[in-house]
Amino acid sequence: MTDIPAAAASPSPAPPQPSVPPSIPSIPVATAATPSPVPAQGGAPADGGAGTADADLLAAAVVAAGRGMVDREVVAEVVALCAVAGEHLLVVGAPGTAKSEAVRRVAGQLGGRYFEYLLGRFTEPNELFGPVDLRRLREGRVEFETAGMLPEADIAFLDEVFLGSTAVLNTLLGLLNERVFRRGGTVLASPLRVCVGAANHLPEDPELAAFADRFLARLFVEPVADARLEELLEAGRRPAPTPLPPAPTPLSPAPVGGAAPHGAPGRPADLLGALDRLAAAARACDLAEVTPAVATALRRLRAAGVPVSDRRAVRSQRLVAAAAVLDGRDRATTRDLWVLPLIAPTADAQALARDTLADLIEKSANHSLVHAAEEMSRSAHARAERLARSAAALLAEHGALPGGPDSRLRLEGALREIDAGFDPDDLPAVLAGVRADLVVAVSPT
């Protein structure tokens, strides 16, 4: 949680005029193929696509964003999922659970203009959307200076989002839903890829229901488990990562709020472009094969008492399509249904959704979003891919045991986790090779 509001977005010389994302029709594309870093199981990415290289690039950025944070990988991954889907995310959790830090780090990796603000009852619309343009006012026209403010941001984070005044929330409604800012004589197409709202708890006021419904995906964050407190303390002793500086341009001031503009040295120059290509691929994704399964899942959720409005039902397809594209495919399958519990409105409803859909999501997994897929599906397939990714990273860092006992303990811990979850004689293909490498690494020479 941030204690002091921070607004950040590097202004451009002229207001941007991006195309506004389509409302939500069908979704198909992706193209050429780069192999996945983790071998896939049955039903894994097979038809490849232009999106595969971009998905790997985005996955690496999300991993980098989560490095040094404990138990917040799911937040980082779902931010990326929603950015590709063109939907917004609501993160609910107690103060001090690193909600804002996780979002800020993802934004810093993706690049683009970033806006962050802590809302309160007395927050004025001008603090988010920009002040009146005095030059235009002298001419008798009421227009607004939006440079560096929310309407021109690529990624936004609004803390305590439900504390905003009626004037703030009403203006936000159109911006979030249509990606168009309308105020006075100003009408501006916004480049906003994803807005993440955060709150300590869900609102009880029914008048806020329409606004809350604009956030399709929900995440409920708990404090780090007691078993990982040593890891948390160790991570807390390390200095926070320094934000990458912006590339020098005459009209771009230094960023505020922990994110650097697109093109900063040290980051792939086309990462925001990769995000946009993945979003276009998601809009073109072929959903025909999975539509009956999605409809079955939605019927089950409604029958179980999980409220799913028609709007949320339709928009859930965007998350399914984004999951497919991030898994390196241009066709969605039942492997992508792990995203459906995200649309359940409360923590209890999400737990109910996972139980209700258990047989439909048991083969779910995602090679780019391994932690989120495992958390939402609790499937063995997803767990295998997460363990394979984690073990491969540990081998890359500690495979030669450069850190002595600490390195050995980490490698042995990964090996124990694999053996605790899977029979070594019937190991999923995605884990077989990496387990053998772990055995070699920890064996006495």
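Rules used throughout
Residues numbered from 1 in each chain as written. Predicted model: local features only at pLDDT ≥ 70, side-chain atom pairs only at ≥ 80, totals over all residues. Heavy atoms only, no water. Buried < 20%, exposed > 50% of the residue type's maximum accessible area, 1.4 Å probe, protein only. Helix = DSSP H or I, 4+ residues; strand = E, 2+ residues; numbered from the N terminus. Salt bridge = Lys/Arg side-chain N within 4 Å of Asp/Glu carboxyl O. 1 Å grid on protein atoms, 1.4 Å probe; cavity = no way out; pocket = protein on both sides within 12 Å on 5 of 7 lines; lining within 4 Å. Points joined across faces, edges and corners; volume = space filled by probe spheres on them. Nonpolar A, V, L, I, M, F, W, Y, C, P; charged D, E, K, R; others polar. Pairing = 2+ DSSP bridges.

This part is about helix α13 (residues 370-377). Burial analysis of α13 places 6 of its 8 residues in the buried class, which makes it a mostly covered element. Every buried residue of α13 is accounted for by V370, A372, A373, E374, M376 and S377. Just downstream of α13 lies R378, where phi reads positive at about 55°.

Okay, the pattern of salt bridges next. This structure, assessed with the given rule, holds 28 salt bridges. A salt bridge links R72 to D71, with the shortest nitrogen-to-oxygen separation between them at 3.9 Å. Members of the salt-bridge network, linked through shared partners, are R113, E152, D154, R193 and D276.

Enumeration according to the criterion identifies 2 cavities of 30 Å³ or more in this entry. Taken as a whole, the largest cavity holds about 80 Å³ of empty space. A total of 3 residues in the lining of the largest cavity trace back to one element, the largest contributor, which is helix α11 (residues 310-326). Each residue belonging to the lining of the largest cavity can be placed in one class, and the counts come to 2 nonpolar, 3 polar and 7 charged.

Looking down a regular strand, the side chains alternate between one sheet face and the other. Looking at chain direction, strand β4 (residues 180-183) and strand β5 (residues 186-189) are connected through 4 bridges and run antiparallel. Bridged to R182 within β5 is V187. Remark: 2 residues form the turn of the hairpin made by β4 and β5, two consecutive strands paired antiparallel; G184 in that turn has positive phi of roughly 60°.

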